[in-house]
Amino acid sequence: MKVILNVDVNHLGEEGDVKNVANGYARNYLLPRNLAVPYNDATVMIFEARKAEIEARKEQKRKDSASLKEKLEALTLELAMPAAANGKLFGAVTSHVVAEALAKQGFEIERKRIEIAGSTIKQVGSYHFNVKLYESQVAEVKLNVKSQDEAKADNAKKEEKAEAKAE
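Novice: Looking at this structure, how should I read the overall build of the chain?
Specialist: Helix and strand counts for the chain come out as 5 helices and 9 strands. Secondary structure elements of the chain occur, N-terminal to C-terminal, as β-β-α-β-α-α-β-β-α-β-β-β-β-α. Seen along its three principal axes, the alpha-carbon backbone of the chain occupies a region of about 75 × 35 × 20 Å. Expressed as a percentage of its 167 residues, the buried residues of the chain come to 31%. Long-range contacts, defined as pairs at least 24 residues apart, comprise 51% of the intrachain contacts of the chain with a sequence gap of at least 6. For the chain, the exposed area adds up to about 11,000 Å²; of that, 50% sits on carbon and sulfur atoms. Between the centroid of the 27 positive side chains of the chain and the centroid of its 26 negative side chains there is a distance of 5 Å.

In structure tokens:
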């Protein structure tokens, strides 16, 4: 069945796209939830009238995505995790952990959009991970994983320097 999407639908398309989908998918999912309308002359005319508005929204999403990409690529995320003396983590750094750390920095990003090579990080060190943005844009973010002992030592050094400057 041919349908026109009313809103962006994950893994299918964006608002205003014309898609061929299975009859049951359209009848039982897309149409009852008002995610799409059947493709016919009347609906085509309605979407032709809204075409400029839809394109303006898509362009705004592209601009927002580009600015978010710049901010993310300038960021170096620091994580302190419990680790053994040899650098092996007790646990692992997953997309969920990274999403929470990004949220603390003020970035609301779904964990599904975060791609970590090998799906988890189990060793202390410097890494990169990707964040999928709008369309084909991808931001590469730096990640430093430290043991909690190292992080405490670094914080103590920073406090000593701050106190020395204050005097």
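Novice: For this particular structure, what's the right way to read the side chain of Lys58?
Specialist: Relative to the helices and strands, Lys58 resides in helix H3 (residues 51–74). By relative accessible area, Lys58 is classed as buried at 11%. In contact with Lys58, other than residues within four places in its own chain, are Glu14, Glu15, Asp17 and Tyr134.

Novice: Sorry, what's going on with the pairing of strand S8 (residues 125–132) here?
Specialist: Consecutive side chains of a regular strand alternate in pointing toward one face of the sheet and then the other. Where strand S6 (residues 114–116) and S8 come together, 3 bridges link them in antiparallel fashion. Pairing of Ile116 across the sheet is with Phe129, part of S8. From the end of S8 to the start of strand S9 (residues 138–147), which pair antiparallel, there are 5 residues, and Glu135 there has a positive phi angle of about 55°.

Novice: Hey, could you run me through empty space enclosed by the protein in this one?
Specialist: Empty space among the atoms can be located by rolling a probe the size of a water molecule over them. According to the stated counting rule, one finds 1 cavity of 30 Å³ or more in the structure shown. Of the voids in this model, the largest cavity is the one considered here, and its volume is about 30 Å³. Taken together, Asp8, Glu15, Ile54, Arg57, Lys58 and Lys61 make up the full set of residues lining the largest cavity. Class assignment of the residues belonging to the lining of the largest cavity gives a composition of 1 nonpolar, no polar and 5 charged.

Novice: Would you take a moment to explain the sheet that holds S8 for this structure?
Specialist: In any sheet, the strands associate via hydrogen bonds between backbone groups, in a parallel or an antiparallel arrangement. Strand order in this open sheet of 4 strands is S4-S9-S8-S6, and the pairing throughout is mixed. Only two strands of the sheet have a single neighbouring strand rather than two, namely strand S4 (76–81) and S6. Taking each pair of neighbouring strands and ignoring which way they run, the sheet shows an average axis angle of 35°. Packing of H3 onto the sheet brings it into contact with S4, S8 and S9, and relative to S9 it is tilted by some 25°.

Parameters and conventions
- Residues numbered from 1 in each chain as written.
- Predicted model: local features only at pLDDT ≥ 70, side-chain atom pairs only at ≥ 80, totals over all residues.
- Heavy atoms only, no water.
- Helix = DSSP H or I, 4+ residues; strand = E, 2+ residues; numbered from the N terminus.
- Buried < 20%, exposed > 50% of the residue type's maximum accessible area, 1.4 Å probe, protein only.
- Contact = heavy atoms within 4.5 Å.
- Areas by Shrake-Rupley, 256 points an atom, 1.4 Å probe, with all protein chains shown as cover.
- Lys, Arg positive; Asp, Glu negative; His and termini not counted.
- Charge placed at Lys NZ, Arg CZ, Asp CG, Glu CD.
- Pairing = 2+ DSSP bridges.
- 1 Å grid on protein atoms, 1.4 Å probe; cavity = no way out; pocket = protein on both sides within 12 Å on 5 of 7 lines; lining within 4 Å.
- Points joined across faces, edges and corners; volume = space filled by probe spheres on them.
- Nonpolar A, V, L, I, M, F, W, Y, C, P; charged D, E, K, R; others polar.
- Axes fitted to C-alpha atoms, helices over the stretch in contact; angles between N-to-C directions.

Geometry only, nothing functional implied.
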